[in-house]
Amino acid sequence: MILSGRGVTAMLGPTNTGKTHFAIERMVAHSSGVIGLPLRLLAREVYGRVVEKVGVNNVALITGEEKISPPKARFQVCTVEAMPREADVAFVAIDEVQLAGDMERGHIFTDRILHLRGREETLLLGAATMKPILRSLLPGISVIERPRMSHLLYAGQKKITRLPRRSAVVAFSSDEVYAIAELIRRQRGGAAVVLGALSPRTRNAQVELYQNGDVEYLVATDAIGMGLNLDVDHVAFAQDRKFDGFQYRPLNPGELAQVAGRAGRHTSDGTFGVTGRVAPFDDELVERIEAHEFDPVKVLQWRSKALDFASLAALRNSLDQVPTVSGLTRALPAVDQRALEFLTRNPDIVARADRPARIETLWDACSLPDYRRIAPAQHADLIASLYRDLVDRGQVDEDFLASQVRHADRTDGEIDTLSARIAQIRTWTYVSNRPGWLADPTHWQEKTRKIEDRLSDALHERLTKRFVDRRTSVLMKRLRENAMLEAEISVNGDVFVEGHHVGELAGFRFKAVSGAEGPDAKAIEAAAQKALALEFEARAARLHASGNADLAIDASGSLRWLGDPVARLVAGDDILRPRVILLADEQLSGPARDHAVARIERFVAHHIQTVLKPLDELSRAEDIQGLARGLAFQLVENLGVLFRRDVANEVKSLDQDARASMRHYGVRFGAYHVFIPALLKPAPAELITLLWALKNDGLEKPGYGELIPVLAAGRTSVVTDPTYERMFYKLAGFRFLGKRAVRIDILERLADLIRPLTQWKASDALPPEGAFDGRRFVTTPAMMSILGATPDDMEEILKGLGYRADVASPEEVEKLTAIQAEREAQTQQAKPAGVAVETVAKRHAATAEKTESPSEGEASAAPADAEESPVSTDNAAPAETAAAAVDEAVAATEEKPAEEPKPVLLWRPGGGRSQNERGNRPERGRGQRPQGRKGGQGSGQGEPRGEGEQASRGQRHGKGPKRERRDEDRPQRNERPQRREKPVDPDSPFAKLAALKAQMKR
């Protein structure tokens, strides 16, 4: 083999020396020419540049998968594999000739270097490492060395998130590339992705994404080292080992330099370094890369081009020939040769390959690239199918081709799925471009090209969606252009900068969404804040002019304007006057901030004065004087409820005028409480609970807000929850009595039912239901109905109110039965006589009939602001329902034969503190938490203490046992001491009751 380098010029040098540009200029200066490039992607780029110079009709693009061949094309842009083996053109150029040493593709480059020549000029482009071997193989070759136009410097090791802008991160596996791109998207806004497995259209779109500045980072394999012109300032190696088709091995210094040399463009300097888990480069390696000094290429991969198609064995022997020229080495079997090895072991294929023409067809079929990267045996099976069609039919079966193409023509799925479909359709694109393989190649070339383009666009979209934050990328591009970012705020509070959502505005606070970091984030925030400053002032003006209906206070103490929180309440010196804390960013300042605060404070004051109007008016009442003024002050301090025993002396000392003045402000003097019924409604109770919670850090305490729905549902009593803060029951208007908490106004109705039973005289015509001897009484269905309580609950409630129970003896039970029979007999006698006037007892029975029946042990409520009268009949229900509930309870009790009948209890006013009061200070209304004590008996207002407590008190004072009273010392039953007459208050309900009794007697 005699080789010559006459007429051949080798232009050698590192990257960024303008070699490819020089080759294009030289080619268009000739009448015709062909240039071979290592990548289809690069061929596409050079094709576009040549078209710009000489016109589209003068340039052909020929690759394994694509052919654009105008009839009069003078210039051809090809991949090296697609270059013609013999060309009658004036100019020939081969780029990246150092790939002749590549284990897999090197033999093709070697063949073109040794045998392809232009009539006038042949130009070889590549690295300086090819200088010795080219001079050795091609005597007489002219070598031109071009220096790099810019400097390449080592920048050391940096974290991926610390890499500078315009950086390319290099890895050698798709998994690693995707992982790095995902990390950069989260931390820096996004990255473009370039892999050898991507289709050229997808790679072009990704490169354009980076070149246009939509993203600042590029994550790629070493494919970027093959002539791609990129504006890269820094190259960072995230891996330094790769799989070369045969084994994993470290990259040699020349390969590292080929990739690192992509940093810097034209006269702009570039840097390179390492990142991730790659150890820093040693000093010697750094010096060699910076100085572009590498070991020369000593041998080129070679495979014989003189193939013998006489037989399969002859073909294999010709492929196994060794070179006779020094500097060449026989290449290892490539994809086509390995496929041939598999097929020669297939008897069916061997039987068909029985003549030179068919053997040449078989070898032509074996040149099908393995785009799918599948196992050699599977790739050989596909080639076998194609070969059978070519031999048996003369062409590939288009039905089989159509089914394969149809299977790949889908754009759904993720990145890996689309990549696999692109690889599959590229296979059929190659088949459609093989001359003589298809009956209608033009149709299939167009069809497969369109499908590949659709799949490539879909893959680019998936890559961009997964690895690029479009909002951040566009904003960063605008920042690089030094343009003022435009911000706007939508009606619902979304904040947009340059049309991209960057955050939300709620009230006067801006919440940014996750996005770019560093200077970009600051610039975006500055643009948003500029728009927010104007918006804050406008919102403050709208708030200042808004009506009370636009504002509301929620259960957490936050004040909301049109649904957005703008302030929160905190405790002040006065519980009824909390302080307001404005929730606003610092951009709201000056008069606008003052106006917003003033409007909110006015609303809070108005809201409290409206919802708690009786309490507010009572606190500012000027017509209440003397003792009544002190009592009013205590009532306000305790949020509208006082236990009457705590202020018994003050109440007793009030004259009728003082009482009337307090009743004018809605105060009711009950048997057990002094309270304001209007505050027992849900809205006032909720606000009172909130104000107390703010003052006492109760927002997080258990039970907060749980009792307001119970009150709103109209329940008169509720089963207590031991985990709740007990004060919340009192704030909601309930009194804690044993296992149940009963509403305060309902307890006053209970007192109205009990009062006539303890005042009944034997001389009265008709004994009221439940009366016994004028001093003691029994519980009635009416009592249990209004309380929603069972007999057991009634025991705890009455004991809690200070009543004591005596177990009735058989004689007393018999007497009680007789009283009941007498009452029923007198009732029956009164009906025919046409008695139209109801007795007091009958009125109480009417109350029971109108009281709503309990549901699951909890009765529905009468209105909390019931009139101060002995009997309140608002919101009442039929007595049949209440009686039925009591009858069911009694029947349920009777059905249990194992239980003995409960004794009949006769209740009478007790003498000691109630079980809620013993051993502790008295309850002070809503504002102070009571401490309960088990055991003992309760006491009512103005009632003597229980016997047990009297005894203990006597012993504590050193007194002896209590002296038994003689019979003559005891007052006779039903005899009461004379009461001192007091002036009658005409507004008192008792005065009205007395007037009603007098009218009845007349």
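Undergrad: Describe in detail the overall build of the chain, supporting the description with residues and values.
TA: For the chain, the count of helices and strands is 34 helices and 34 strands. Taking all 1002 residues of the chain together, 49% fall into the buried category. Summed over all atoms, the accessible surface of the chain reaches about 47,800 Å², with 49% contributed by carbon and sulfur.

Undergrad: Could you give an account of the pattern of salt bridges, naming the residues involved and the relevant values?
TA: Evaluation of the coordinates by the stated rule reveals 49 salt bridges. The shortest N-O distance in the salt bridge between D554 and R560 comes to 3.1 Å. In this structure R560 comes out as partly exposed when scored by relative accessible area, which is 32%. Through salt bridges with shared partners, a single network forms among R40, R44, E65, E66, R426, R449 and E452.

Undergrad: With reference to specific residues and values, describe the nonpolar core.
TA: One finds F508, L559, I600, V604, L612, L618 and M662 to be the most contacted residues of the largest nonpolar core, which totals 76 residues. Considering each element in turn, this core owes the most residues, 8 residues, to helix α24 (residues 682-696). Those residues in contact with L618 that sit more than four places away from it in its chain are I624, A632, L635, V636, Y665, V667 and I676. One finds I180, L315, V391 and V431 within the second-largest nonpolar core, a separate group that totals 62 residues.

Undergrad: Could you give an account of the environment of H107, naming the residues involved and the relevant values?
TA: Here H107 shows up in helix α3 (residues 106-115). Distance in space between the C-alpha atoms of H107 and W302 is 4.4 Å, their sequence separation being 195 residues. With residues up to four places along the chain from it excluded, the contact list for H107 reads Q301, W302, R303, A331 and A334.

Undergrad: Explain the packing of helix α14 (residues 398-408) against helix α15 (residues 415-432) residue by residue, including any values.
TA: Relative to each other, α14 and α15 sit at 155 degrees, their axes nearing to 9 Å. Comparing the axis directions of α14 and α15 gives the class roughly antiparallel. Crossing hand, α14 versus α15: left-handed. Taken together, the residues of α15 that come into contact with α14 (itself represented by F400, L401, Q404, V405, H407 and A408) are R421, Q424, I425 and W428.

Undergrad: Tell me about helix α2 (residues 40-54), and please be specific about residues and values.
TA: Under the 1.5 Å per step criterion, the end-to-end length of α2 is 21 Å for 15 residues, consistent within 8% with the ideal 21 Å. Every buried residue belonging to α2 is among R40, L41, L42, A43, V46, Y47, V50, V51 and V54, and all of these are buried. The positive-phi residue at the C-terminal boundary of α2 is G55, with phi of around 100 degrees.

Undergrad: Would you mind going over the side chain of R40 in detail, with residue names and values included?
TA: Along the chain, R40 turns up in helix α2. Within polar-contact distance, the side chain of R40 engages the side chain of E452 at 3.3 Å. Not counting residues up to four positions away in its chain, the partners in contact with R40 are T63, E65, E66, T79, P200, R426, R449 and E452.

Undergrad: Please set out the sheet that holds strand β24 (residues 558-561) residue by residue, giving values where relevant.
TA: Hydrogen bonds between backbone groups are what pair the strands of a sheet, and the pairing can be parallel or antiparallel. An order of β23-β24-β25-β26 is seen for the 4 strands of this open sheet, with the pairing classed as antiparallel. For this open sheet the edge positions go to β23 (551-553) and β26 (579-582), each flanked by a neighbour on one side alone. Strand-to-strand twist in this sheet, taken as the mean axis angle between neighbours without regard to direction, amounts to 30 degrees. Inspection of the sheet shows strand β25 (residues 564-570) paired to β26 by 4 bridges, in the antiparallel sense. For A567, the partnering residue across the bridge sits in β26 and is L582.

Undergrad: Give a detailed account of unusual backbone geometry, specifying residues and quantitative values.
TA: For R166, which is not glycine, the phi torsion reads 60 degrees and is therefore positive. When its relative accessible area of 13% is taken as the criterion, R166 is described as buried. A positive phi angle, close to 55 degrees, is found at D697, a residue other than glycine.

Undergrad: Give me a nonpolar patch on the surface: which residues, what numbers.
TA: A surface patch of nonpolar side chains, amounting to about 230 Å² of accessible area, comprises M103, F246 and L332. By the secondary structure assignment, F246 is in the loop between β14 (241-243) and β15 (248-250).

Undergrad: How would you explain the environment of L582 if you had to name every residue and give the values?
TA: Turning to its location among the elements, L582 is positioned in strand β26. A residue is classified by how much of its surface remains accessible, and L582, at 11% relative accessible area, is buried. As a C-alpha pair, L582 and R593 span 11 residues in sequence and 8.6 Å in three-dimensional space. When neighbours within four sequence positions are excluded, L582 is seen to be in contact with V566, A567, L588, R593, V597 and I600.

Undergrad: Please provide a residue-by-residue account of the sheet that holds strand β8 (residues 142-145), values included.
TA: Taken in spatial order, the 8 strands line up as β4-β3-β5-β2-β6-β7-β1-β8 in an open sheet, and their pairing is mixed. The strands lining the two open edges of the sheet, one partner per strand, are β4 (67-68) and β8. Alignment of strand β2 (residues 33-37) against strand β6 (residues 91-94), held across 4 bridges, turns out to be parallel. Considered in β6, the bridge of G33 is made with F91. Running over the sheet, helix α1 (residues 19-28) touches β1 (8-12), β2, β5 (75-79), β6 and β7 (121-126) and is turned about 165 degrees from β7.

Undergrad: Can you break down the packing of helix α19 (residues 590-611) against α24 residue by residue, with the values?
TA: Between α19 and α24, whose axes approach to 9 Å, the crossing angle comes to 130 degrees. If you check the angle between α19 and α24, you find them oblique. The two elements α19 and α24 cross, and the hand of that crossing is left-handed. Residues H607, I608 and V611 of α19 form the contact with α24, whose participating residues are A683, P684, L687 and L691. For the contact of α19 with α24, the class distribution of residues is 6 nonpolar, 1 polar and no charged.

Undergrad: Give a detailed account of α1, specifying residues and quantitative values.
TA: Residues of α1 that are buried include every one of K19, T20, A23, I24 and M27, and no others. The buried residues of α1 occupy one face: seen down the axis, they fall within an arc of 140 degrees.

Undergrad: Residue-level account of the packing of aromatic side chains, with values.
TA: Summed over the entire model, instances satisfying the criterion amount to 14 aromatic pairs. With centroids separated by 6.4 Å and ring planes inclined at 35 degrees, the aromatic side chains of F272 and F281 adopt a geometry described as tilted. Overall, F272 belongs to the buried group, its relative accessible area being 0%. The exposure class assigned to F281 is buried, which follows from its relative accessible area of 9%. In this structure an aromatic cluster arises from ring pairing among Y154, F237, F272 and F281. Directly above the ring of F342 sits R345, whose terminal nitrogen or CZ lies 5.0 Å from the centroid. Lying across the ring of F669, R659 places its NZ or CZ 5.4 Å from the centre.

Undergrad: Explain the environment of F22 residue by residue, including any values.
TA: In this fold, F22 is placed in helix α1. Residue F22 is classed as partly exposed on the basis of its relative accessible area of 28%. Measuring from C-alpha to C-alpha, the distance between F22 and L123 comes to 10.0 Å, with 101 residues separating the pair along the chain. Here F22 is in contact with M11, L123 and R146, once residues within four sequence places are set aside.

Undergrad: Run through a negative patch on the surface, naming residues and quoting values.
TA: On the surface, a cluster of negative charge is contributed by D282, D283, E284, E287 and E293. In this fold, D283 is placed in helix α8 (residues 283-291).

The rules we used
- Residues numbered from 1 in each chain as written.
- Predicted model: local features only at pLDDT ≥ 70, side-chain atom pairs only at ≥ 80, totals over all residues.
- Heavy atoms only, no water.
- Helix = DSSP H or I, 4+ residues; strand = E, 2+ residues; numbered from the N terminus.
- Buried < 20%, exposed > 50% of the residue type's maximum accessible area, 1.4 Å probe, protein only.
- Areas by Shrake-Rupley, 256 points an atom, 1.4 Å probe, with all protein chains shown as cover.
- Salt bridge = Lys/Arg side-chain N within 4 Å of Asp/Glu carboxyl O.
- Core = buried A, V, L, I, M, F, W, Y, C linked by side-chain atoms within 4.5 Å.
- Contact = heavy atoms within 4.5 Å.
- Axes fitted to C-alpha atoms, helices over the stretch in contact; angles between N-to-C directions.
- Parallel < 35°, antiparallel > 145°, perpendicular 65-115°, else oblique.
- Left-handed = near helix turned anticlockwise from the far one by under 90°.
- Expected span 1.5 Å × (residues − 1).
- Polar contact = N/O pair within 3.5 Å; in protein donor to acceptor, adjacent residues only side chain to side chain.
- Pairing = 2+ DSSP bridges.
- Patch = residues over 30% accessible without salt bridge, like charges linked within 9 Å, V, L, I, M, F, W, Y side chains within 5 Å.
- Nonpolar A, V, L, I, M, F, W, Y, C, P; charged D, E, K, R; others polar.
- Arc of directions from axis to C-beta.
- Phe/Tyr/Trp six-rings, centres within 6.5 Å; stacked < 30°, edge-to-face > 60°.
- Lys NZ or Arg CZ within 6 Å of the ring centre and 35° of its normal.
- Lys, Arg positive; Asp, Glu negative; His and termini not counted.
- Charge placed at Lys NZ, Arg CZ, Asp CG, Glu CD.

These results come straight from atomic positions and should not be treated as a statement about function.
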